[in-house]
Amino acid sequence: MTAASDRAVFAVDIGGTKIAAAEVHGRHLLDRRQTATPRTGRGDDLVAAIAGLAPKHAVSAVAVATTGIVRDGALTALNPRTLPIENGYPLAKALETALGVPPLVVNDAQAAAWAEFTVGAGRGYRNFAFFTVSTGIGCGLVIDGRLQVGATGLAGHVGHTMSDPGGVICGCGRHGCLETIASGTALARRGSERLGRKVGAPDLFAAARQGDRIAAEVIASAVDALVNGFADLTAAVDIDCFAVGGGVGLAEGFIEALKVRSLQLPAVFQRPIVAAKAGADAGLLGVALLFDGNFHLK
Ligand code: BMX
Ligand code: ZN
């Protein structure tokens, strides 16, 4: 192993709306900056935006967390509504050309799960799941202490397991995915439909707090879908603890509602549900920690 932790890692987190970057020294983020994600559908525009965020001095280590499926350094959107991009865009290769060093590229939720597992809410567990409930629903799994990426990069994409067989079509092409019921985007869409006026997820939470029964029902169906998703995952791989983050996940009362609903499940499926701790920059930190740990993707 090199003395990787002695040097800064230029870490990048590509989301559907913004690209964040920082120089990560050990566990510390310095010079954090961000720019709007170019939603042109062209991977080269993402790379140009990242190059614009790079430090002026030469970088010796680059680590990238990104929404979407990462396979052999190539990026494909599972839900192209989140990030429009050509299938199999060679992100690692293009970044190496732009920045001069081969980067580590990992899915955003997988990277954030690693940060939570290493320094956040997942410390001390061996079988751990991190969920981000935000624009979409991302998930990263650590099983027996190892981050799961999967043979094709798909591991943890639990946002695209089925919650409602008769549900609406998802950007991934399946019907009734968890992401179509419980993501921030889904809450805004379902809330707007049911209330007959345009609302965002924060408006829906505010309405529910003020006693609006319909808003509360829409949120309750998201809570129900997520808790059942947790139970499915527990049945599949016996998770020890679920940490929940993201703008919706950390909305006031949401985790409490998940816990209350979870107590109605048969005891065998119940697991601790806790708030994520690594914060909004968990993706940046996690991918830098993976880099420092000489993490290799297949
Ligand atoms: C989508 C999918 C996942 C991602 C998740 C959370 C794409 C482009 N993204 O399910 O890879 O982890 O969203 O992403 O298919 P976020 O941007 O909402 O945090
Ligand atoms: Zn889907």
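Everything below is about the structure printed above this text.
Residues numbered from 1 in each chain as written. Chains lettered and ligands numbered in written order. Predicted model: local features only at pLDDT ≥ 70, side-chain atom pairs only at ≥ 80, totals over all residues. Heavy atoms only, no water.

**A look at the site of ligand 1**
Inspection of the region around ligand 1 gives 17 residues, with Leu78, Asn79, Asp108, His157 and Glu179 positioned closest. Between ligand 1 and Thr67 there is a distance of 2.9 Å, counted from a nitrogen atom to a side-chain nitrogen or oxygen. In isolation ligand 1 exposes 460 Å². Once the protein is present, 95% of that is buried. Class assignment for the residues of the shell around ligand 1 results in four nonpolar, 11 polar and two charged. Residue-level mapping places the shell around ligand 1 at the junction of two domains, with at least three residues from each of domain 1 (9-108 + 280-292) and domain 2 (121-275). (Near = heavy atom within 4 Å. Polar contact = N/O pair within 3.5 Å; in protein donor to acceptor, adjacent residues only side chain to side chain. Areas by Shrake-Rupley, 256 points an atom, 1.4 Å probe, with all protein chains shown as cover. Nonpolar A, V, L, I, M, F, W, Y, C, P; charged D, E, K, R; others polar. Domains from an automatic or database assignment.)

**Remarks on the nonpolar core**
Counting residues in hydrophobic clusters, the biggest one holds 38 residues, and the most contacted among them are Phe131, Leu226, Leu233 and Leu258. Elements supplying a minimum of two residues to this core: strand 8 (128-133), strand 9 (137-143), helix 4 (179-182), helix 5 (184-195), helix 6 (201-209), helix 7 (213-237), strand 11 (241-245) and helix 8 (254-262). Looking at which element gives the most residues to this core, the answer is helix 7, with 11 residues. Setting aside anything within four residues of it in sequence, one finds Leu233 in contact with Ala129, Phe131, Cys139, Leu141, Val158, Asp238, Ile239 and Phe242. Of all hydrophobic cores here, the second largest spans 33 residues; its members include Ala22, Ala61, Ala63 and Leu284. (Core = buried A, V, L, I, M, F, W, Y, C linked by side-chain atoms within 4.5 Å. Buried < 20%, exposed > 50% of the residue type's maximum accessible area, 1.4 Å probe, protein only. Helix = DSSP H or I, 4+ residues; strand = E, 2+ residues; numbered from the N terminus. Contact = heavy atoms within 4.5 Å.)

**Concerning the side chain of Ser183**
With respect to the element layout, Ser183 can be found in the loop between helix 4 and helix 5. A residue is classified by how much of its surface remains accessible, and Ser183, at 1% relative accessible area, is buried. Here Glu179 takes part through its backbone oxygen, which lies 2.7 Å from a polar atom of the side chain of Ser183. When sequence neighbours within four positions are dropped, the list of residues in contact with Ser183 reads Val133, Ser134, Thr135, Gly136, Ile137 and Leu178.

**Things to note about the environment of Leu147**
By the secondary structure assignment, Leu147 is in strand 10 (residues 146-147). Note: C-alpha distance between Leu147 and Asp45 (102 residues apart in sequence) is 29 Å.

**Description of the packing of helix 3 (residues 108-119) against helix 9 (residues 282-292)**
The N-to-C vectors of helix 3 and helix 9 enclose an angle of 80°; their axes lie 7 Å apart at closest approach. The angle between helix 3 and helix 9 falls in the class roughly perpendicular. Residue-level contacts link Asp108, Ala111, Ala112, Trp114, Ala115, Glu116, Thr118 and Val119 of helix 3 to Ala282, Gly283, Leu285, Gly286, Val287, Leu289 and Leu290 of helix 9. Taken together, the residues of the contact of helix 3 with helix 9 sort by class into 10 nonpolar, three polar and two charged. (Axes fitted to C-alpha atoms, helices over the stretch in contact; angles between N-to-C directions. Parallel < 35°, antiparallel > 145°, perpendicular 65-115°, else oblique.)

**Comments concerning the coordination of the zinc ion (ligand 2)**
For the zinc ion (ligand 2), the protein coordination sphere consists of His160 (ND1), Cys170 (SG), Cys172 (SG) and Cys177 (SG), at 2.1 to 2.4 Å. Positions of the donor residues of the zinc ion (ligand 2) along the chain correspond to the pattern H-x9-C-x1-C-x4-C. On the criterion of sequence distance, the pair formed by His160 in the loop between strand 10 and helix 4 and Cys170 in the loop between strand 10 and helix 4 is long-range, its members being 10 residues apart. Assessed through its relative accessible area of 4%, Cys170 is described here as buried. (Donors = N, O, S within 2.8 Å, 3.2 Å for Na, K, Ca; no water.)

**Some details on the sheet that holds strand 2 (residues 18-25)**
Taken together, the five strands give an open sheet; going across it, the order is 3-2-1-4-7, and neighbouring strands pair in mixed fashion. On the outer flanks of this sheet lie strand 3 (28-36) and strand 7 (104-107), each paired with one strand and no other. Across this sheet, the average inter-strand angle for adjacent strands is 20°, counted without regard to direction. Bridging between strand 1 (residues 9-14) and strand 2 involves six bridges; their strand directions are antiparallel. Residue Ala11 lies in a different strand from strand 2, and its bridge partner there is Ala22. Where helix 2 (residues 91-99) meets the sheet, its contacts fall on strand 1, strand 4 (62-66) and strand 7, and the angle it forms with strand 4 comes to roughly 140°. Its contacts with the sheet put helix 9 on strand 1, strand 2, strand 3, strand 4 and strand 7, and the angle it makes with strand 1 is roughly 135°. (Pairing = 2+ DSSP bridges.)

**Section: the packing of aromatic side chains**
Two aromatic rings are characterised by how far apart their centres lie and by the angle between their planes. Evaluated as defined, the whole model comprises six aromatic pairs. With centroids separated by 6.4 Å and ring planes inclined at 35°, the aromatic side chains of Phe117 and Phe128 adopt a geometry described as tilted. Of this pair, Phe117 sits in helix 3 while Phe128 sits in strand 8, and the two are 11 residues apart along the sequence. This pair shows no difference in class: Phe117 is buried, exactly as Phe128 is. Between Phe131 and Phe242 the ring centres are 6.2 Å apart and the planes differ by 50°, which places this aromatic pair in the tilted class. Of this pair, Phe131 sits in strand 8 while Phe242 sits in strand 11, and the two are 111 residues apart along the sequence. Here the two residues Phe131 and Phe242 agree in accessibility, since each one is buried. Ring-pair connections join several aromatic residues into one group, and the members of that group are Trp114, Phe117 and Phe128. (Phe/Tyr/Trp six-rings, centres within 6.5 Å; stacked < 30°, edge-to-face > 60°.)

These values are about where atoms sit, not about what they do.
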